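Survey of secondary and tertiary structure
Listed below are the residues making up each chain.
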Amino acid sequence: MGQTFFAGIADINWKIEHEYPDVRESMSDYILAGEPETAEEIVFTQEDVQSVMEQFPQFEVGYAESDCIYQKIAEMLPMRSCLLMHGAVITYGESAYMFTAPSGTGKSTHISLWRKYLGEKVEIVNGDKPIVRVDKSGVTVYGTPWGGKEKWQKNRSAPLAAICLIHRSKENKITRICPGEYLSELMQQAYLPQKEEEAAKTLELLDELMAEVPFYLLECDMSEGAVQCSFEKLTGFIYTERRKVEK
């Protein structure tokens with residue numbers, strides 16, 4: 001490997017060696033100024049990078065190296081009380097809200113509508129792969145360098161107040177759910193490591209997450225009405241009093 005830097009992601013220091021500039025560019029907001037006292041070392045080989053390229057032949061080699069590092073970090077997270085989710089996270093005030101759904105369902109559109117109609121009070125923390133920490137202090141969600149095709153990401157964290165599953169519908173309705181009834185759907189939105197011990201820890205963390213954080217099912221279209229529906233239920237505020245004033 002040609003270069004080394006240290007990054008702080010999800011309150012964990014990582015030592016990253018890499019060959020191509022894509023890695024440093026994608027993690028620029030997370031690079032630490034100096035060398036920390038302790039750091040988790042990301043170990044991978046060029047054979048690992050080639051394996052990613054074989055799996056995704058559309059990837060250029062620099063992007064494949066970045067993806068390889070992402071996978072290595074995701075595999076290590078559970079033993080550090082964290083799991084990586086497929087979802088989009090926003091904050092309103094001091095609280096964070098995660099919207100999760102299969103790709104193409106509309107989670108990115110929905111959070112962009114929150115931003116459109118509620119203005120700068122809404123901050124997009126991550127558009128694709130946030131990290132969730134579940135420990136004795138509560139549940140915290142973190143932005144990561146992996147923000148999806150829109151590259152929506154912020155190097156910040158916030159208490160996770162709710163998780164919302166999105167289903168497309170012609171009507172806008174939100175209901176609090178028992179997450180166990182949607183377990184198979186939720187499992188598809190969590191990164192499950194290959195190693196048995198880490199996979200078991202991920203399931204344990206998911207159980208703790210479902211016990212600590214309220215889950216909702218949002219059936220919606222892609223309109224302002226959908227924003228009002230989810231906003232009022234998740235935050236407890238009246239939408240018309242909080243909506244951005246048009247100039």
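In what follows, the structure referred to is the one given above.
Our subject in this report is the structure included herewith. (Residues numbered from 1 in each chain as written. Predicted model: local features only at pLDDT ≥ 70, side-chain atom pairs only at ≥ 80, totals over all residues. Heavy atoms only, no water.)

**So, the environment of Ser-137**
How we decide: Strands here are runs of E lasting at least two residues and helices are runs of H or I lasting at least four, both read from the DSSP assignment and numbered beginning at the N terminus. The term polar contact refers here to a pair of N or O atoms within 3.5 Å; inside protein, the definition further demands a hydrogen-donor-capable atom paired with an acceptor-capable atom, and it admits residues adjacent in sequence only when both atoms are side-chain atoms.
Residue position: Ser-137 is located in the loop between strand E8 (131–135) and strand E9 (138–142). The spacing of Ser-137 and Met-85 is 52 residues in sequence and 20 Å in space, taken between C-alpha atoms. Among the polar contacts listed, one links the side chain of Ser-137 to the side chain of Asp-135, at a separation of 2.5 Å.

**Section: the packing of helix H4 (residues 107–118) against helix H7 (residues 224–235)**
This is how the line gets drawn: Angular values range over 0 to 180 degrees, each being the angle between N-to-C directions of two axes fitted as lines to C-alpha atoms, with helices fitted over their stretch in contact. Our angle categories are set so that under 35 degrees counts as roughly parallel, over 145 as roughly antiparallel, 65 to 115 as roughly perpendicular, and the remainder as oblique. Two residues qualify as a contact provided that any one of their heavy atoms is within 4.5 Å of a heavy atom in the partner residue. Each residue is assigned to one class: nonpolar for Ala, Val, Leu, Ile, Met, Phe, Trp, Tyr, Cys and Pro, charged for Asp, Glu, Lys and Arg, and polar for all the others, Gly among them.
One can describe the packing of H4 onto H7 by two numbers: an axis separation of 9 Å at closest approach and a directional angle of 85°. Taken as axis vectors, H4 and H7 run roughly perpendicular relative to one another. On the side of H4, the interface is formed by His-110, Leu-113, Trp-114, Tyr-117 and Leu-118, while H7 contributes Glu-224, Ala-226, Val-227, Ser-230, Phe-231, Leu-234 and Thr-235. Here the residues of the contact of H4 with H7 sort into 8 nonpolar, 3 polar and 1 charged.

**Digging into the nonpolar core**
The criterion, for reference: To form a nonpolar core, buried Ala, Val, Leu, Ile, Met, Phe, Trp, Tyr and Cys residues must be joined to one another through side-chain atoms within 4.5 Å. We call a residue buried when its accessible area falls under 20% of the maximum for its residue type, exposed when it is over 50%, and partly exposed in between, using a 1.4 Å probe and counting protein chains only.
Of all hydrophobic cores here, the largest spans 29 residues; its most connected members are Ile-9, Trp-14, Ile-16, Ile-73 and Ile-131. Those elements that place two or more of their residues in this core are strand E1 (3–9), strand E2 (12–18), helix H2 (46–55), helix H3 (61–76) and strand E4 (82–84). In terms of residue count, the dominant contributor to this core is H3 (7 residues). Sequence-distant contacts of Ile-9, defined by excluding residues within four places in its chain, comprise Trp-14, Met-27, Tyr-30, Ile-73, Ile-131, Pro-145 and Trp-146.

**Some remarks on the layout of surface pockets**
For clarity, the cut-off: Space inside and on the surface of the protein is sampled on a 1 Å grid over the protein atoms alone, with a cavity defined as a set of points where a 1.4 Å probe fits but cannot get out and a pocket as an open set with protein on both sides within 12 Å along at least 5 of 7 lines; lining residues have an atom within 4 Å of a point. Grid points are joined across faces, edges and corners, and a volume is the space filled by probe spheres set on the points.
Size it by volume and the largest pocket reaches roughly 680 Å³. Lining the largest pocket are 23 residues, and of these Tyr-63, Pro-145, Trp-146, Gly-147 and Gly-148 lie nearest its centre. Residue assignment for the lining of the largest pocket shows that the elements contributing at least two residues are helix H1 (21–26) and H3. Looking at the lining of the largest pocket element by element, the count peaks at 6 residues for H3. For the lining of the largest pocket, the per-class residue count stands at 6 nonpolar, 9 polar and 8 charged. When its volume is computed, the second largest pocket comes out at roughly 390 Å³. What lines the second largest pocket is a set of 17 residues, among which Gln-71, Lys-72, Glu-75, Tyr-191 and Gln-194 lie closest to the centre. If you list the elements that add at least two residues to the lining of the second largest pocket, you get H2 and H3. Here the lining of the second largest pocket gets 5 residues from one element, more than from any other, and that element is H3. In terms of residue class, the lining of the second largest pocket is made up of 7 nonpolar, 4 polar and 6 charged.

**Digging into the packing of H2 against H3**
In a pair of packed helices, the angle between the axes and the distance between the axes together describe the arrangement. Taken N-terminus to C-terminus, the directions of H2 and H3 make an angle of 105°; their axes are 9 Å apart at the nearest point. Our classification of the angle between H2 and H3 gives roughly perpendicular. Touching Gln-46, Asp-48, Val-49, Val-52 and Met-53 of H2 are Val-61, Ala-64, Glu-65, Asp-67, Cys-68, Gln-71 and Lys-72, all from H3. Across the contact of H2 with H3, the residue classes tally to 6 nonpolar, 2 polar and 4 charged.

**Some thoughts on the pairing of E2**
Quick note on the threshold: Only strands that DSSP links by at least two bridges are regarded as paired with each other.
Across the two faces of E2 the burial differs, with Ile-12, Trp-14, Ile-16 and His-18 buried and Asn-13, Lys-15 and Glu-17 not buried at all. In the sheet, E1 pairs with E2 via 7 bridges, with the strands oriented antiparallel. Directly across from Ile-9, in E2, lies its bridge partner Ile-12. Counting the residues in the hairpin turn of E1 and E2 gives 2 residues, including Ala-10, whose phi is positive at 60°. Inspection of the sheet shows E2 paired to strand E3 (residues 40–42) by 3 bridges, in the parallel sense. Of the residues in E3, the one forming a bridge with Ile-16 is Ile-42.

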